[in-house]
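Fold and contact review
The chain contents come next:
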Amino acid sequence: MKILHTADWHLGKRLDYYSRFEEQMEVMEEICQIAERENVDMVLVAGDLFDAFNPSTEAIELMYKTLKRLTNNGKRPVIAIAGNHDSPGMIDAPDPLARECGIVMIGYPNATVQTFALPGFSIEKSVPGLIEIKFQQYDFPVRIIHSAYANEARLKEYLGENKEQGLNEVLAQHWRQTVEKHCDNRGVNLMMAHLYMMKRGGEILEEPEGEKPIKIGNADLVFAEAVPSQIQYTALGHLHSYRNIGDVQKPIVYASSPLAYSFSEAGQQKFVVLVEVRPDISAKVNK
């Protein structure tokens, strides 16, 4: 199956006094065209749909229209999670209506998504932090572990873990337990999250200029090794440049923002990511 991974749209963002809205309309059109041209089966939007907790009316309209178009009239599931720029309540609010169109909006960590069925696919299982999707055209299920953004204290609160533990330990334990219960090799196993993640001992990745920082000291660091081995592809949001902090066998990917949003990003190539995957086989990644 084919999946399109995108993130960090930051709809409504301005550059000082200059509107970026026409550029954003153009790049949303381009993302929709890629989804149609590649005939993708599913779209993952890994957070920061908006640039502000209270986005403009035009930004909200563009987001809704783009997500609706990406569903291909309800035939293709679109899963969108909140990032650190998004209001979790605003992301959650349209969910009852969005589900009718094939869009799943997840504002909070460890959320339980309501199950539903449309002609092309259905969400057949939902537990806190995981959904399982059955597609009409495939004889295997797709599991998605989802972690919308929350700061360290709130994540621990939602996960109900010992607040003395480090965030990395809390998430690793939570993901491992979820995967062991619900993710065998007879289905496709994915993860999507809006987090600051890096390789242990690797380069400290710079957060984008002007971005609300997630990493404060080392408290909010999550290491790539926390991703369970059963996960075939991890779709990340937050950093604005393309990076695979995993490896070829286990891609853990920041797709990048679709536009350069600060002077530090000038000249930076931007991407969406196409992922081809089937059960028990390493995902193939094409940026």
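Below, the structure is looked at part by part. Keep in mind it's a predicted model, so treat the numbers as computed, not measured. (Residues numbered from 1 in each chain as written. Predicted model: local features only at pLDDT ≥ 70, side-chain atom pairs only at ≥ 80, totals over all residues. Heavy atoms only, no water.)

1. What to know about the nonpolar core
Selection criterion: Among the buried residues, those of types Ala, Val, Leu, Ile, Met, Phe, Trp, Tyr and Cys that are joined through side-chain atoms within 4.5 Å form a nonpolar core. Buried means the residue's accessible area, taken with a 1.4 Å probe over protein chains only, is under 20% of the maximum for its type, while exposed means over 50%, and partly exposed covers the values in between. Think of it this way: any DSSP run of H or I at least four residues long counts as a helix, any run of E at least two long counts as a strand, and we number them from the N terminus. The contact criterion used throughout is that any non-hydrogen atoms of two residues lie within 4.5 Å.
Met42, Ile79 and Ile144 are the most contacted members of the largest nonpolar core, which has 62 residues in total. With seven residues, the single largest contributor to this core is helix α1 (residues 21-38). Setting aside residues up to four positions removed in sequence, Ile144 forms contacts with Met42, Leu44, Ile79, Gly129, Leu130, Ile131, Ile133, Leu190 and Met192. One finds Met191, Ala226, Val227 and Ile252 within the second-largest nonpolar core, a separate group that totals 30 residues.

2. Some remarks on the side chain of Glu265
Threshold: Polar contacts, as counted here, are pairs of nitrogen or oxygen atoms within 3.5 Å of one another; within protein the pair requires one atom able to donate a hydrogen and one able to accept it, and residues that are adjacent in sequence qualify only if both atoms are side-chain atoms.
The residue Glu265 is located in the loop between β16 (252-254) and β17 (273-276) in this model. The class for Glu265 is buried, based on a relative accessible area of 3%. Of the polar contacts made by the side chain of Glu265, one reaches the side chain of Lys270; its length is 2.6 Å.

3. A few points about the sheet that holds strand β7 (residues 116-117)
Worth spelling out the cut-off: When DSSP locates at least two bridges between a pair of strands, those strands are taken to pair. Whenever a helix is involved, its axis is fitted only over the stretch in contact; in every case the axis is a line through C-alpha atoms, and angles between N-to-C directions fall within 0 to 180 degrees.
Strands sit in the order β7-β8-β9-β10-β11-β14-β16-β15 across an open sheet of eight strands; the sheet is mixed. Each having just a single partner strand, β7 and β15 (243-244) make up the two edges of the open sheet. Across six bridges, the pairing between strand β10 (residues 141-147) and strand β11 (residues 188-194) is parallel. The residue bridging Ile144 from the neighbouring strand is Leu190, located in β11. Sheet strands in contact with helix α6 (residues 167-182) are β8 (121-127), β9 (130-135), β10 and β11, and its direction is about 165° off that of β10.

4. Observations regarding the pairing of strand β4 (residues 42-45)
Each regular strand displays side chains that alternate between the two surfaces of the sheet. Stated precisely, the cut-off is as follows: If the strands point away from the viewer and the path from the first strand over the helix to the second runs clockwise, then the crossover is right-handed.
Side chains of β4 alternate between two faces, with Met42 and Leu44 and Val43 and Val45 buried alike. Taken together, the four bridges between strand β1 (residues 2-6) and β4 define a ladder with parallel strand orientation. The residue of β4 that forms the bridge with His5 is Leu44. For β4 and strand β5 (residues 78-81), the ladder comprises three bridges, and the chain directions are parallel. The residue bridging Leu44 from the neighbouring strand is Ile79, located in β5. With respect to chirality, the unit in which β4 leads through helix α2 (residues 57-70) into the neighbouring parallel β5 is right-handed.

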